[in-house]
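# Structure at a glance
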Amino acid sequence: MSKIYFIDVTNRDGVQTARLGLSKLEKTMLNLYLNEMGIFQSEFGFPTTRHESAYLQANLELARMGVLRHLRLCGWIRATVKDVELAFELVPDIKHLSLSIPTSDQMIYGKFAGLKSRDDILASMVDAVDAARAHGAESICVNAEDASRTDVDFLVRFAAEGKRHGVDRFRYCDTLGYENPFTIYETAKVLAENVGMPLEMHCHGDLGMAEANSLAGARGTIDGGQDVYINTTVNGIGERAGNADMVAVLLAVTKSKGFADKYQLGRSIDLTMSWRIARFASYAFGVPIPVNQPGVGANAFAHASGIHADGVLKDPQNYELYHYDELGRGEPELVETGSEICSGEYGGIAGFKHIMGKMEVIFADAEEAKPLLELVRYANVEAQKPLVEDELLFITRYPQIAKKLLTLKPLE
Ligand SMILES: [Zn+2]
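First, a word on scope: everything that follows refers to the structure included in this document. Per chain, residues are indexed from 1 in the order of the written sequence. Note on the predicted model: pLDDT of at least 70 is required for a residue's local features to be given, and 80 or more for side-chain atom pairs to be given and counted; whole-chain, interface and lining totals, by contrast, use all residues.

Moving on to helix α14 (residues 349-358). Exposure in this text rests on C-beta crowding, where 20 or more other C-beta atoms within 10 Å of a residue's own make it buried, 12 or fewer make it exposed, and counts in between make it partly exposed. The C-beta atoms are placed from the backbone. Here a helix means four or more residues in a row that DSSP labels H or I, a strand means two or more in a row labelled E, and each is numbered from the N terminus. Turning to α14, its buried residues are F352, I355 and M356. Around the axis of α14, the buried residues are gathered within 95° of arc, so they sit on the same side. Away from its buried face by more than 90 degrees, α14 exposes A350, H354, G357 and K358. C-beta atoms are placed from the backbone for every residue, and two residues are taken to be in contact when these atoms lie within 7 Å. Residues of α14 that are buried in the fold lie against α15 (366-383) and α16 (389-397). Of the residues flanking the end of α14, it is E360, one or two places downstream, whose phi is positive at about 65°. This arc corresponds to the set of directions leading from the helix axis out to the C-beta atoms.

Okay, unusual backbone geometry next. Even without a glycine there, the phi angle at A113 is positive, about 50°. Judged by C-beta crowding, with 7 C-beta atoms within 10 Å, A113 ranks as exposed. Non-glycine residue R240 carries a positive phi angle of around 55°. Among the secondary structure elements, R240 is positioned in the loop between β8 (228-232) and α10 (246-255).

Within the secondary structure layout, A131 lies in helix α6 (residues 118-134). Sequence separation between A131 and S2 is 129 residues; the distance between their C-alpha atoms is 30 Å.

This part covers the sheet that holds strand β5 (residues 139-145). By way of backbone hydrogen bonds, the strands of a sheet pair with one another, either parallel or antiparallel. Taken together, eight strands build a closed barrel; the order of strands is β1-β2-β3-β4-β5-β6-β7-β8 and the barrel is parallel. Within the sheet, the average angular offset between the axes of one strand and its neighbour, ignoring direction, is 25°. For two strands to count as paired, DSSP must find a minimum of two bridges between them. The pairing of strand β2 (residues 41-45) with strand β3 (residues 72-78) spans four bridges and is parallel. Paired with Q41 across the bridge in β3 is R72. The axes are straight lines fitted to the C-alpha atoms, using for helices just the contacting stretch, and the angles between their N-to-C directions are given from 0 to 180°.

A few words now on the packing of α14 against α15. For the pair α14 and α15, the least separation of the axes is 10 Å and the interaxial angle reads 90°. Put simply, α14 runs roughly perpendicular to α15. Along the contact surface, α14 presents I349, F352 and K353, while α15 presents A366, A369, K370, L373 and V376. Under this scheme an angle from 65 to 115 degrees is roughly perpendicular, one under 35 degrees roughly parallel, and one over 145 degrees roughly antiparallel; angles in between are oblique.

Here the focus is the pairing of β3. In terms of residue burial, β3 counts as a mostly covered element, since five of its seven residues are buried. After leaving β2, the chain enters helix α3 (residues 53-64) and then returns to the sheet as β3, a path that is right-handed. As paired strands, β3 and strand β4 (residues 96-102) are joined by five bridges and run parallel to one another. Note that in β4 the partner of C74 across the bridge is H96. At this point the chain moves from β3, through helix α4 (residues 81-90), to the parallel β4, and the crossover so formed is right-handed. Whether a crossover is right-handed depends on one test, that the path from the first strand over the helix to the second runs clockwise when the strands point away from the viewer.

Below, the structure written as structure tokens:
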């Protein structure tokens, strides 16, 4: 039986969202949390974007060091030879790539001003695949942008051409959130049956169905005989109305009526990390978690009305589908209401030693603390808000990596 895997695209689709972004350290923290959860892959950034280079290389080094053990790191670029060449010039060690190109007539004619045909799209894709292989790419996924507005015959042709050139997966992008669960099920099944390779489901929420479509697409793919890789973001952060929310899709796959009896995860995922990663992403993006967010919203386990409260007090299962501790909730939270020392870009040694001391990190002398404080200051320049404990601990544990990922050299 084919299986379900998760690919998180917060560090690519999430950060390209209007008005939102993450510092390179925040992106790294997300990779660490995703790794700890057991997520298959992080689409960790843009290898052709120069300010990403140091961050991408530092994270590949974390993988070589065994700090990112389980998580595959995949870069996202356009499916052109030019992008492939630049990606390997800037990030020579990159091993996994998503190559994206539009496939719908709307986008082929609308984006390229009538200068490209379907055959040009196929040629650009296979040339990019060949170039990536020549540079040593170990896995390649071809992304059909706007796949849901592309006729299925052309998608099959696109995927088959890719497969002939050694592509590992095909990403079905519902770029505009146009699908519904019924249509995406059928399309995913037809594609899985006809292209003979694993599919990725990439769904957006423009019609409020990103999670439902992810589930239906996954089912269609598996019914068609292939493994499926669901694309999600933390808290559903993404272009316009957002992407499929990771925690909500995980809950849907594992908890919805009868689904897990037949459709199962390919590797176990630690759901108890949900609360931690959702809270971190909310803080890092500066976007509050909606109170009614599945699993991690403030009201997800709150009850006020008499009948519900009475029912939950007698047995939580009367009104709760799953238990809060399955998501890592339930720990009391300490909020400082008196004097507080925070990290900042102009911070000094006394404050830094105090903050670290609270986490039981003690320095032998000021000389030991100074270079770490300097890194923390630089991290604050990027984040423009106090660092969280995990970020501070990461910097003290891996100062050389922190130095690399905080390095920005414009116009060099
Ligand atoms: Zn997207």
